[in-house]
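Okay, here's what each chain looks like letter by letter:
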Amino acid sequence: MNPTVYFVINQNLLDGSAHALYCFRHCWWLAQTRPESRVELVFAGRSSPREAHDFFHLPALPNLAVTGLLAIRKPRNGRGITLNAMFHWAAYWHLRRHARAGDWLITASFPKLFSFLHKRDALRNTLKFAYEVHQLALLDHGKLTAKAQDELDLLRRADTLFTTTRALADTLRAHNLKQPLFNVGLACGFDPVQFPSRPPHPELFSLGYIGSFYREQGVEWLVREWPRILQKLPLLRLEIAGGTPAEVAGMKAQAGGIASPDSVHFHGAIPPSRIGEFISSVDALVIPALPEGRAPFVAFTKAYDYLGLNRPVIAADIPSITEVMRPGLEAASFAAGNSQSLTDALQKIYRSPETARSLVAAAALRARELHWESRSRRFWTALDSGFSAGPKSA
(Lines give C-alpha, C1' and ligand atoms only; values in the text may rest on other atoms or scores of the structure.)
Protein backbone atom coordinates (compact mmCIF):
# COMPACT_ATOMS: atom_id res chain seq x y z
CA MET A 1 0.00 0.00 0.00
CA ASN A 2 1.26 3.49 -0.82
CA PRO A 3 2.33 5.63 2.14
CA THR A 4 -0.08 8.32 3.30
CA VAL A 5 1.02 11.95 3.40
CA TYR A 6 -0.15 13.76 6.54
CA PHE A 7 0.14 17.54 6.09
CA VAL A 8 -0.35 19.07 9.54
CA ILE A 9 -0.83 22.79 10.20
CA ASN A 10 -1.66 24.62 13.42
CA GLN A 11 -3.92 27.07 11.62
CA ASN A 12 -7.57 27.81 11.01
CA LEU A 13 -7.99 26.67 7.42
CA LEU A 14 -10.65 29.29 6.65
CA ASP A 15 -8.84 32.34 8.06
CA GLY A 16 -8.48 33.93 4.62
CA SER A 17 -4.68 33.95 4.65
CA ALA A 18 -2.43 33.23 1.68
CA HIS A 19 -0.77 30.46 3.71
CA ALA A 20 -4.08 28.66 4.31
CA LEU A 21 -4.87 28.93 0.60
CA TYR A 22 -1.45 27.47 -0.19
CA CYS A 23 -1.88 24.56 2.23
CA PHE A 24 -5.26 23.54 0.82
CA ARG A 25 -4.19 23.87 -2.80
CA HIS A 26 -0.98 21.96 -2.07
CA CYS A 27 -2.80 18.99 -0.56
CA TRP A 28 -5.57 19.03 -3.15
CA TRP A 29 -3.10 18.88 -6.03
CA LEU A 30 -0.96 16.21 -4.38
CA ALA A 31 -4.10 14.07 -4.19
CA GLN A 32 -5.23 15.00 -7.70
CA THR A 33 -1.92 14.09 -9.34
CA ARG A 34 -1.60 10.72 -7.58
CA PRO A 35 -5.04 9.12 -7.12
CA GLU A 36 -3.55 5.90 -5.78
CA SER A 37 -2.04 7.71 -2.76
CA ARG A 38 -3.90 9.11 0.23
CA VAL A 39 -3.34 12.69 1.42
CA GLU A 40 -4.75 14.06 4.68
CA LEU A 41 -4.73 17.76 5.59
CA VAL A 42 -4.91 18.07 9.39
CA PHE A 43 -5.66 21.57 10.69
CA ALA A 44 -6.70 23.45 13.82
CA GLY A 45 -10.45 23.97 14.02
CA ARG A 46 -13.77 22.31 13.37
CA SER A 47 -14.63 23.42 9.83
CA SER A 48 -16.16 20.60 7.82
CA PRO A 49 -14.57 19.19 4.66
CA ARG A 50 -17.48 20.54 2.63
CA GLU A 51 -16.99 24.04 4.05
CA ALA A 52 -13.30 23.89 3.12
CA HIS A 53 -13.92 22.69 -0.45
CA ASP A 54 -16.60 25.32 -0.97
CA PHE A 55 -14.40 28.09 0.45
CA PHE A 56 -11.45 27.23 -1.79
CA HIS A 57 -13.65 26.46 -4.79
CA LEU A 58 -12.16 22.99 -5.35
CA PRO A 59 -14.17 19.74 -5.51
CA ALA A 60 -13.82 16.87 -3.08
CA LEU A 61 -11.46 14.03 -4.04
CA PRO A 62 -11.81 10.42 -2.85
CA ASN A 63 -8.17 10.24 -1.72
CA LEU A 64 -8.05 13.61 0.07
CA ALA A 65 -9.16 13.82 3.71
CA VAL A 66 -9.62 17.22 5.36
CA THR A 67 -9.56 16.81 9.15
CA GLY A 68 -10.12 19.55 11.72
CA LEU A 69 -8.95 18.89 15.29
CA LEU A 70 -9.75 20.48 18.63
CA ALA A 71 -7.93 23.78 19.07
CA ILE A 72 -8.14 27.13 20.82
CA ARG A 73 -6.83 29.89 18.58
CA LYS A 74 -7.41 33.62 18.64
CA PRO A 75 -8.85 35.07 15.43
CA ARG A 76 -6.33 36.17 12.83
CA ASN A 77 -5.14 39.67 13.80
CA GLY A 78 -7.75 39.63 16.56
CA ARG A 79 -7.95 39.32 20.32
CA GLY A 80 -8.04 36.15 22.37
CA ILE A 81 -5.74 33.33 23.37
CA THR A 82 -4.03 30.51 21.53
CA LEU A 83 -3.21 27.26 23.32
CA ASN A 84 -0.76 25.49 21.02
CA ALA A 85 -0.50 22.48 23.35
CA MET A 86 -4.14 21.55 22.76
CA PHE A 87 -3.70 21.18 19.02
CA HIS A 88 -0.23 19.64 19.36
CA TRP A 89 -1.56 16.81 21.53
CA ALA A 90 -4.67 16.40 19.37
CA ALA A 91 -2.46 16.02 16.29
CA TYR A 92 -0.21 13.55 18.12
CA TRP A 93 -3.06 11.26 19.15
CA HIS A 94 -4.65 11.48 15.72
CA LEU A 95 -1.38 10.34 14.13
CA ARG A 96 -0.88 7.61 16.74
CA ARG A 97 -4.31 6.19 15.87
CA HIS A 98 -4.12 6.43 12.09
CA ALA A 99 -0.56 6.69 10.76
CA ARG A 100 1.39 3.63 9.68
CA ALA A 101 5.09 2.89 9.38
CA GLY A 102 6.52 4.61 6.32
CA ASP A 103 3.92 7.38 6.13
CA TRP A 104 5.07 10.99 5.70
CA LEU A 105 4.44 13.77 8.20
CA ILE A 106 4.89 17.22 6.63
CA THR A 107 4.37 20.71 7.94
CA ALA A 108 5.16 24.22 6.72
CA SER A 109 6.14 27.22 8.85
CA PHE A 110 5.18 25.67 12.18
CA PRO A 111 8.50 24.93 13.95
CA LYS A 112 6.95 24.41 17.41
CA LEU A 113 4.51 21.85 16.02
CA PHE A 114 7.26 20.07 14.10
CA SER A 115 9.52 19.97 17.17
CA PHE A 116 6.73 18.66 19.41
CA LEU A 117 5.75 15.85 17.05
CA HIS A 118 9.35 14.90 16.24
CA LYS A 119 10.11 14.47 19.95
CA ARG A 120 7.44 11.76 20.30
CA ASP A 121 9.25 8.43 19.98
CA ALA A 122 6.15 6.67 18.65
CA LEU A 123 6.10 9.02 15.66
CA ARG A 124 9.80 9.69 15.12
CA ASN A 125 10.66 5.99 14.89
CA THR A 126 7.77 5.26 12.53
CA LEU A 127 7.18 8.18 10.19
CA LYS A 128 9.24 10.12 7.70
CA PHE A 129 9.44 13.83 8.54
CA ALA A 130 9.58 16.61 5.95
CA TYR A 131 9.59 20.35 6.58
CA GLU A 132 8.67 23.06 4.10
CA VAL A 133 10.74 26.20 4.66
CA HIS A 134 8.73 29.27 3.66
CA GLN A 135 10.68 31.71 5.82
CA LEU A 136 13.61 31.73 8.27
CA ALA A 137 14.22 33.43 11.61
CA LEU A 138 17.72 34.11 10.30
CA LEU A 139 16.22 36.64 7.89
CA ASP A 140 14.66 38.78 10.63
CA HIS A 141 17.95 40.22 11.85
CA GLY A 142 20.41 39.08 9.20
CA LYS A 143 22.52 37.22 11.73
CA LEU A 144 22.64 33.92 13.57
CA THR A 145 20.72 34.73 16.75
CA ALA A 146 19.91 32.07 19.34
CA LYS A 147 16.42 31.76 17.84
CA ALA A 148 17.84 31.36 14.34
CA GLN A 149 20.31 28.71 15.54
CA ASP A 150 17.51 26.78 17.25
CA GLU A 151 15.54 26.85 13.99
CA LEU A 152 18.48 25.51 11.98
CA ASP A 153 18.99 22.75 14.56
CA LEU A 154 15.32 21.84 14.23
CA LEU A 155 15.54 21.71 10.43
CA ARG A 156 18.46 19.28 10.69
CA ARG A 157 16.07 16.77 12.27
CA ALA A 158 13.94 16.53 9.13
CA ASP A 159 14.45 13.68 6.67
CA THR A 160 13.75 16.00 3.73
CA LEU A 161 13.51 19.76 3.29
CA PHE A 162 11.56 21.80 0.74
CA THR A 163 11.94 25.50 -0.03
CA THR A 164 9.83 27.93 -2.04
CA THR A 165 12.56 30.28 -3.37
CA ARG A 166 16.14 29.92 -4.56
CA ALA A 167 17.21 32.45 -1.93
CA LEU A 168 15.89 30.25 0.90
CA ALA A 169 17.54 27.15 -0.57
CA ASP A 170 20.88 28.96 -0.94
CA THR A 171 20.65 30.23 2.65
CA LEU A 172 20.12 26.72 4.01
CA ARG A 173 22.95 25.26 1.92
CA ALA A 174 25.25 28.01 3.20
CA HIS A 175 24.60 26.73 6.73
CA ASN A 176 25.57 23.15 5.85
CA LEU A 177 22.25 21.36 6.12
CA LYS A 178 23.06 17.93 4.74
CA GLN A 179 19.70 16.24 4.14
CA PRO A 180 18.00 16.23 0.72
CA LEU A 181 16.75 19.72 -0.14
CA PHE A 182 14.34 20.51 -2.98
CA ASN A 183 13.35 23.99 -4.14
CA VAL A 184 9.84 23.56 -5.55
CA GLY A 185 8.60 27.16 -5.55
CA LEU A 186 4.86 27.79 -5.40
CA ALA A 187 2.44 27.46 -8.33
CA CYS A 188 -0.18 29.29 -10.33
CA GLY A 189 -3.70 28.39 -9.29
CA PHE A 190 -5.60 30.01 -12.17
CA ASP A 191 -6.17 29.43 -15.86
CA PRO A 192 -6.08 32.56 -18.07
CA VAL A 193 -8.92 31.27 -20.27
CA GLN A 194 -11.28 31.63 -17.28
CA PHE A 195 -10.78 35.40 -17.21
CA PRO A 196 -12.03 37.33 -20.28
CA SER A 197 -10.05 40.27 -21.54
CA ARG A 198 -11.30 43.66 -20.38
CA PRO A 199 -12.34 46.08 -23.16
CA PRO A 200 -10.34 49.33 -23.20
CA HIS A 201 -11.70 52.14 -21.06
CA PRO A 202 -10.00 55.31 -22.34
CA GLU A 203 -11.79 57.40 -19.73
CA LEU A 204 -10.43 55.36 -16.80
CA PHE A 205 -7.67 52.82 -16.16
CA SER A 206 -8.08 50.53 -13.13
CA LEU A 207 -5.06 49.04 -11.34
CA GLY A 208 -5.77 46.07 -9.05
CA TYR A 209 -4.08 44.55 -6.02
CA ILE A 210 -5.00 41.24 -4.36
CA GLY A 211 -3.34 40.10 -1.15
CA SER A 212 -2.23 40.80 2.40
CA PHE A 213 -1.55 44.19 3.95
CA TYR A 214 1.57 43.58 6.04
CA ARG A 215 4.30 46.16 5.53
CA GLU A 216 6.59 44.30 3.12
CA GLN A 217 3.68 43.79 0.71
CA GLY A 218 3.89 47.53 -0.01
CA VAL A 219 0.15 48.31 0.02
CA GLU A 220 0.49 51.06 2.61
CA TRP A 221 3.37 52.53 0.61
CA LEU A 222 1.31 52.41 -2.60
CA VAL A 223 -1.65 54.23 -1.01
CA ARG A 224 0.69 56.84 0.44
CA GLU A 225 2.35 57.42 -2.96
CA TRP A 226 -0.90 57.33 -4.92
CA PRO A 227 -1.33 61.15 -5.09
CA ARG A 228 2.10 61.48 -6.74
CA ILE A 229 1.20 58.81 -9.29
CA LEU A 230 -2.13 60.51 -10.00
CA GLN A 231 -0.30 63.73 -10.88
CA LYS A 232 1.20 61.93 -13.89
CA LEU A 233 -1.74 59.62 -14.64
CA PRO A 234 -4.93 61.33 -13.44
CA LEU A 235 -7.25 58.77 -15.07
CA LEU A 236 -6.13 55.99 -12.72
CA ARG A 237 -8.21 54.16 -10.14
CA LEU A 238 -6.77 51.74 -7.56
CA GLU A 239 -8.83 48.66 -6.63
CA ILE A 240 -7.56 46.84 -3.51
CA ALA A 241 -8.76 43.38 -2.43
CA GLY A 242 -7.54 41.84 0.81
CA GLY A 243 -6.88 42.66 4.45
CA THR A 244 -8.83 42.09 7.63
CA PRO A 245 -11.70 44.47 8.46
CA ALA A 246 -9.43 46.34 10.90
CA GLU A 247 -6.65 46.63 8.31
CA VAL A 248 -9.08 47.86 5.66
CA ALA A 249 -10.48 50.47 8.05
CA GLY A 250 -6.97 51.72 8.82
CA MET A 251 -6.04 51.87 5.14
CA LYS A 252 -9.24 53.74 4.30
CA ALA A 253 -8.37 56.33 6.93
CA GLN A 254 -4.93 56.76 5.34
CA ALA A 255 -6.45 57.05 1.87
CA GLY A 256 -8.84 59.73 3.15
CA GLY A 257 -6.13 62.35 2.73
CA ILE A 258 -5.96 61.79 -1.02
CA ALA A 259 -7.23 64.69 -3.11
CA SER A 260 -9.51 62.38 -5.07
CA PRO A 261 -10.88 59.80 -2.58
CA ASP A 262 -12.86 58.05 -5.33
CA SER A 263 -9.56 57.02 -6.93
CA VAL A 264 -9.00 54.25 -4.33
CA HIS A 265 -11.57 51.52 -3.67
CA PHE A 266 -11.28 48.83 -0.97
CA HIS A 267 -13.05 45.50 -1.46
CA GLY A 268 -11.89 43.64 1.66
CA ALA A 269 -10.84 39.99 1.61
CA ILE A 270 -12.37 37.99 -1.24
CA PRO A 271 -12.48 34.17 -1.53
CA PRO A 272 -11.04 32.40 -4.60
CA SER A 273 -14.57 31.94 -5.94
CA ARG A 274 -14.94 35.74 -6.35
CA ILE A 275 -11.61 36.45 -8.02
CA GLY A 276 -13.24 36.52 -11.44
CA GLU A 277 -15.69 39.21 -10.36
CA PHE A 278 -12.83 41.37 -9.08
CA ILE A 279 -10.61 40.82 -12.14
CA SER A 280 -13.42 41.91 -14.45
CA SER A 281 -13.13 45.40 -12.94
CA VAL A 282 -9.38 45.95 -13.45
CA ASP A 283 -7.12 46.59 -16.45
CA ALA A 284 -3.80 45.65 -14.83
CA LEU A 285 -2.41 44.21 -11.58
CA VAL A 286 0.37 45.43 -9.32
CA ILE A 287 2.82 43.85 -6.85
CA PRO A 288 4.17 46.84 -4.85
CA ALA A 289 6.40 44.79 -2.51
CA LEU A 290 9.15 46.58 -0.60
CA PRO A 291 12.79 45.35 -0.45
CA GLU A 292 12.68 44.97 3.33
CA GLY A 293 12.89 42.20 5.90
CA ARG A 294 12.09 38.78 4.51
CA ALA A 295 10.49 40.03 1.28
CA PRO A 296 13.51 39.41 -1.01
CA PHE A 297 13.69 35.80 0.23
CA VAL A 298 10.12 34.53 0.63
CA ALA A 299 7.70 33.48 -2.09
CA PHE A 300 4.76 35.71 -3.02
CA THR A 301 1.60 33.76 -3.85
CA LYS A 302 0.39 36.62 -6.03
CA ALA A 303 3.54 36.48 -8.20
CA TYR A 304 2.36 33.03 -9.30
CA ASP A 305 -1.40 33.59 -9.33
CA TYR A 306 -1.22 36.86 -11.25
CA LEU A 307 0.29 34.87 -14.13
CA GLY A 308 -3.06 33.18 -14.69
CA LEU A 309 -5.39 36.17 -14.39
CA ASN A 310 -5.09 37.43 -17.99
CA ARG A 311 -4.03 40.95 -17.04
CA PRO A 312 -0.72 42.80 -17.52
CA VAL A 313 1.30 43.02 -14.30
CA ILE A 314 3.53 45.75 -12.86
CA ALA A 315 5.85 44.17 -10.28
CA ALA A 316 8.58 45.33 -7.90
CA ASP A 317 12.05 44.09 -8.83
CA ILE A 318 12.89 42.04 -5.74
CA PRO A 319 14.50 38.57 -6.23
CA SER A 320 11.61 36.46 -4.92
CA ILE A 321 9.32 38.09 -7.52
CA THR A 322 11.68 38.34 -10.53
CA GLU A 323 12.45 34.62 -10.05
CA VAL A 324 8.84 33.99 -11.08
CA MET A 325 7.79 37.00 -13.17
CA ARG A 326 10.79 37.87 -15.29
CA PRO A 327 11.20 41.61 -15.98
CA GLY A 328 10.12 42.56 -19.48
CA LEU A 329 8.71 39.10 -20.14
CA GLU A 330 5.85 38.35 -17.76
CA ALA A 331 5.83 41.68 -15.93
CA ALA A 332 6.69 45.34 -16.33
CA SER A 333 9.27 45.70 -13.60
CA PHE A 334 9.90 48.78 -11.46
CA ALA A 335 12.43 49.70 -8.77
CA ALA A 336 10.88 48.60 -5.49
CA GLY A 337 9.89 51.50 -3.28
CA ASN A 338 10.26 54.06 -6.10
CA SER A 339 6.97 55.70 -7.10
CA GLN A 340 8.46 57.39 -10.18
CA SER A 341 9.69 54.03 -11.46
CA LEU A 342 6.24 52.55 -10.81
CA THR A 343 4.64 55.45 -12.71
CA ASP A 344 6.96 54.89 -15.67
CA ALA A 345 6.07 51.17 -15.77
CA LEU A 346 2.36 52.01 -15.59
CA GLN A 347 2.66 54.47 -18.46
CA LYS A 348 4.21 51.79 -20.68
CA ILE A 349 1.16 49.57 -20.22
CA TYR A 350 -1.38 52.39 -20.24
CA ARG A 351 -0.07 53.92 -23.46
CA SER A 352 0.93 50.77 -25.30
CA PRO A 353 -1.76 48.08 -25.69
CA GLU A 354 0.79 46.06 -27.65
CA THR A 355 3.12 45.95 -24.63
CA ALA A 356 0.22 44.94 -22.40
CA ARG A 357 -0.80 42.11 -24.77
CA SER A 358 2.80 40.86 -24.98
CA LEU A 359 3.09 40.65 -21.17
CA VAL A 360 -0.25 38.85 -20.89
CA ALA A 361 0.68 36.29 -23.56
CA ALA A 362 4.05 35.55 -21.92
CA ALA A 363 2.40 35.27 -18.50
CA ALA A 364 -0.09 32.72 -19.85
CA LEU A 365 2.78 30.52 -21.06
CA ARG A 366 4.55 30.91 -17.73
CA ALA A 367 1.33 30.00 -15.89
CA ARG A 368 1.24 26.65 -17.68
CA GLU A 369 4.91 26.08 -16.90
CA LEU A 370 4.40 26.83 -13.19
CA HIS A 371 1.04 25.09 -12.79
CA TRP A 372 0.12 23.19 -9.62
CA GLU A 373 0.06 19.87 -11.46
CA SER A 374 3.72 20.07 -12.51
CA ARG A 375 4.77 21.28 -9.07
CA SER A 376 2.91 18.42 -7.38
CA ARG A 377 4.57 15.84 -9.62
CA ARG A 378 7.98 17.26 -8.66
CA PHE A 379 6.97 17.11 -5.01
CA TRP A 380 5.95 13.46 -5.29
CA THR A 381 9.22 12.62 -7.05
CA ALA A 382 11.12 14.17 -4.14
CA LEU A 383 9.10 12.19 -1.60
CA ASP A 384 9.56 8.98 -3.60
CA SER A 385 13.33 9.39 -3.36
CA GLY A 386 13.00 9.16 0.43
CA PHE A 387 10.47 6.31 0.69
CA SER A 388 13.14 3.62 0.65
CA ALA A 389 15.17 5.17 3.49
CA GLY A 390 14.10 4.68 7.08
CA PRO A 391 13.13 7.55 9.37
CA LYS A 392 15.81 9.34 11.38
CA SER A 393 16.15 8.11 14.93
CA ALA A 394 17.30 11.41 16.43
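Here the structure is a predicted model, which means the values were calculated and not measured.

Trainee: Quick rundown of the pattern of salt bridges? Include the residues and the values.
Mentor: With the rule as written, the count across this model stands at 17 salt bridges. Residue Arg326 pairs with Glu330 through a salt bridge whose shortest N-O separation is 2.6 Å. Classification of Arg326 by relative accessible area gives partly exposed; the value is 33%. Judged by relative accessible area, Glu330 falls into the buried class, the value being 3%. In the salt-bridge network here, residues are joined through shared partners; they are Arg34, Glu36 and Asp384.

Trainee: Please set out the packing of helix α1 (residues 18–33) against helix α2 (residues 49–56) residue by residue, giving values where relevant.
Mentor: α2 packs onto α1 with a crossing angle of 105° between their chain directions and a minimal axis gap of 11 Å. Taken together, α1 and α2 sit at an angle that is classed as roughly perpendicular. Contacts between α1 and α2 involve Ala20, Leu21, Phe24 and Trp28 on the former and, on the latter, Ala52, His53 and Phe56.

Trainee: So what's going on with empty space enclosed by the protein? Which residues, and what values?
Mentor: All told, the structure shown has 1 cavity of 30 Å³ or more when counted by the stated rule. Sorting the residues of the lining of the largest cavity by element identifies α1 and α12 (301–305) as the ones contributing at least two each. Among the elements that make up the lining of the largest cavity, the one with the highest residue count is α1 (4 residues).

Trainee: Outline unusual backbone geometry, listing residues and values.
Mentor: The phi dihedral of Asn176 is positive, around 60°, even though this residue is not glycine. At Asn310, a residue that is not glycine, the phi angle is positive and equals roughly 60°. Counting through the fold element by element, Asn310 comes out in the loop between α12 and β12 (313–316). Look at Asn310 and you get buried, because its relative accessible area is 17%.

Trainee: How would you sum up the packing of helix α3 (residues 84–98) against helix α4 (residues 111–118)? Please name residues and give values.
Mentor: Two elements in contact, α3 and α4, have axes separated by 10 Å at closest approach and are oriented at 45°. What the angle tells us is that α3 and α4 run oblique. The chirality of how α3 crosses α4 is right-handed. Contacts between α3 and α4 involve Asn84, Phe87, His88, Trp89, Ala91, Tyr92 and Leu95 from the former and Lys112, Leu113, Phe116 and Leu117 from the latter. Counted by class, the contact of α3 with α4 contains 8 nonpolar, 2 polar and 1 charged residues.

Trainee: Explain the packing of aromatic side chains to me, using residue names and the numbers behind them.
Mentor: One pass over the full model with this rule turns up 14 aromatic pairs. Ring geometry for Trp28 against Trp29: centres 5.0 Å apart, planes inclined by 75°, an arrangement best described as edge-to-face. Judged by its relative accessible area of 6%, Trp28 falls in the buried class. Take Trp29: its relative accessible area is 15%, and that puts it in the buried class. An aromatic cluster of three or more residues is present, and its members are Trp89, Tyr92, Trp93 and Phe116. The aromatic ring of Phe190 is capped on one face by Arg25, whose charged end is 5.1 Å from the ring centroid. In this structure, Arg120 packs its charged tip against the face of Phe116, placed 4.1 Å from the ring centre.

Trainee: A description of the pairing of strand β5 (residues 128–133) should follow, citing residues and the corresponding values.
Mentor: For β5, a buried count of 6 out of 6 residues is recorded, marking the element as mostly surrounded by other parts of the structure. Taken together, the 5 bridges between strand β4 (residues 104–108) and β5 define a ladder with parallel strand orientation. Residue pairing across strands places Leu105 opposite Phe129, the latter belonging to β5. Both β5 and strand β6 (residues 160–163) contribute to a ladder of 4 bridges, which runs parallel. For Ala130, the partnering residue across the bridge sits in β6 and is Thr160.

Trainee: Give a description of the side chain of Glu132 that names residues and reports values.
Mentor: In this fold, Glu132 is placed in strand β5. The buried charged residue Glu132 lacks any salt bridge, with Arg375 as its nearest oppositely charged partner at 4.5 Å. Separated by 2.7 Å, the side chains of Glu132 and His26 make a polar contact. A polar side-chain atom of Glu132 sits 3.0 Å from a polar atom in the side chain of His134. Beyond its immediate stretch of four places on either side in the chain, Glu132 contacts Phe7, Tyr22, His26, Ile106, Thr107, Ala108, Ser109, Phe162, Arg375 and Phe379.

What counts, and at which threshold
Residues numbered from 1 in each chain as written. Predicted model: local features only at pLDDT ≥ 70, side-chain atom pairs only at ≥ 80, totals over all residues. Heavy atoms only, no water. Salt bridge = Lys/Arg side-chain N within 4 Å of Asp/Glu carboxyl O. Buried < 20%, exposed > 50% of the residue type's maximum accessible area, 1.4 Å probe, protein only. Axes fitted to C-alpha atoms, helices over the stretch in contact; angles between N-to-C directions. Helix = DSSP H or I, 4+ residues; strand = E, 2+ residues; numbered from the N terminus. Parallel < 35°, antiparallel > 145°, perpendicular 65-115°, else oblique. Contact = heavy atoms within 4.5 Å. 1 Å grid on protein atoms, 1.4 Å probe; cavity = no way out; pocket = protein on both sides within 12 Å on 5 of 7 lines; lining within 4 Å. Points joined across faces, edges and corners; volume = space filled by probe spheres on them. Left-handed = near helix turned anticlockwise from the far one by under 90°. Nonpolar A, V, L, I, M, F, W, Y, C, P; charged D, E, K, R; others polar. Phe/Tyr/Trp six-rings, centres within 6.5 Å; stacked < 30°, edge-to-face > 60°. Lys NZ or Arg CZ within 6 Å of the ring centre and 35° of its normal. Pairing = 2+ DSSP bridges. Lys, Arg positive; Asp, Glu negative; His and termini not counted. Polar contact = N/O pair within 3.5 Å; in protein donor to acceptor, adjacent residues only side chain to side chain.

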